[in-house]
Amino acid sequence: MNSSLRQLEYLVTAARAGSVSAAARLLNVSASSIFMAIDKFEEEFGLQVFVRHRASGLALTADGRQAIERTIRLLDEVRAFQSDLGTEGDHLEGSVEVACFSSLSPNVLPQVIRDMQTRHPDVVVNLREGDMIGIQDHLRSGMVDLLLSYDNGMPEDFELEFLADAPPHAVVAASDALAQKPWVTLEELAERPLLLLNLPHSSRYVLGLFERAGLRPRDIQRVASFEMVRSGAAANIGVSVLNIKPLTDRTYSGLEVACRPIFPQLYVPRIVLATRKGGRLSRNAATFARCCADFFRTEAAQRLFVHPPGTG
């Protein structure tokens, strides 16, 4: 292969950035260097990686998408090789790039990152949060090494490591009559206004639970954030269904919610750590993955979930 590793980095960065000028700015190189890397790669392998648009930049062809994915896996191997040889013994340094589903990250990652930095203070954890589609794109494009999320909606081109079951639970005002019950049913929740977290996979999952039971919520109000769901429920605006709970029932508004298991349960998603299939993790990324697995074995992690009767 005549293309250098540096030129392969240029190619991948151009694919991520969507334009030559943006890639040049990110890499602090000239646009001509990016063009040269693209031309050399396309000529060497006899394929068109990008369709070039004067106004909108670069668009990957079908062949180009496959080529970029394989190039990312190759660069994963190179970084892992460099990491393996560049560190001695148990000492690690550098960084690890992590993406996480936005409702999971504040409840899980502070503890994991703290543990990682306690063990390896010279490693910086760079975090990207987002919805399911965005964070999957980050992993597929090589912008991150690992992805922490639910398995619901995960594509087949990722390797998944199971970490924990995350059963759905009801979130109601502490003053609500449902808060006095040991568990609630979907039939009871369907009679109340439903506060729905307005993220594509989250909303489809929750509505799917009702559909599987042959139900439809009386009224649906979509809200933008995990904490607004909880605060709205605490104010008795409606009820909600979530899969993870903070360690406190007090919301930003100062009001409290009650979290009750839903029984019976029709579908329980899993929290997983996803990596690119066929890629190899650097020592930093593999160590972060172990920190995640260790956290989910702790008692603190178990308090994040509300299990139905007889399954806790």
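Residues numbered from 1 in each chain as written. Predicted model: local features only at pLDDT ≥ 70, side-chain atom pairs only at ≥ 80, totals over all residues. Heavy atoms only, no water.

(A) Representation of the side chain of S149 in the model. You can see S149 is positioned in strand β5 (residues 146–150). For S149, a relative accessible area of 0% translates into the label buried. Residues contacting S149, with those up to four places away along its chain left out, are F101, L104, M132, I135, M154, R270, I271 and V272. (Helix = DSSP H or I, 4+ residues; strand = E, 2+ residues; numbered from the N terminus. Buried < 20%, exposed > 50% of the residue type's maximum accessible area, 1.4 Å probe, protein only. Contact = heavy atoms within 4.5 Å.)

(B) The arrangement of the nonpolar core in detail. Grouped together as the largest cluster of nonpolar side chains are 56 residues, with contacts concentrated most on V108, L148, I271, F288 and F296. Per element, the largest residue contribution to this core is seven residues, and it comes from helix α10 (residues 283–295). Setting aside anything within four residues of it in sequence, one finds L148 in contact with A99, C100, F101, L104, V108, L109, I135, L163, I271, V272, L273 and F296. (Core = buried A, V, L, I, M, F, W, Y, C linked by side-chain atoms within 4.5 Å.)

(C) Geometry of helix α8 (residues 200–212). Over its 13 residues, α8 extends 18 Å from the first C-alpha to the last, a length consistent with the 18 Å expected when each residue adds 1.5 Å. What α8 keeps buried is the set H201, S202, S203, Y205, V206, L207, G208, L209 and F210. Packed against the buried residues of α8 are β3 (94–101), α6 (132–140), α7 (186–190), β8 (193–197), β9 (219–223) and β10 (240–242). Two residues or fewer after α8 comes G214, characterised by a positive phi angle close to 70 degrees. (Expected span 1.5 Å × (residues − 1).)

(D) Layout of the sheet that holds β10. Here three strands make up an open sheet; going across it, the order is β10-β7-β11 and the pairing antiparallel. At either end of the open sheet lies a strand with only one pairing partner, and these are β10 and β11 (257–261). Taken pair by pair, the neighbouring strands of this sheet meet at an average axis angle of 35 degrees, ignoring direction. Where strand β7 (residues 169–173) lies against β10, three bridges are found, and the strand directions are antiparallel. Among the inter-strand pairings, V171 is bridged to a residue of β10, identified as S240. (Pairing = 2+ DSSP bridges. Axes fitted to C-alpha atoms, helices over the stretch in contact; angles between N-to-C directions.)

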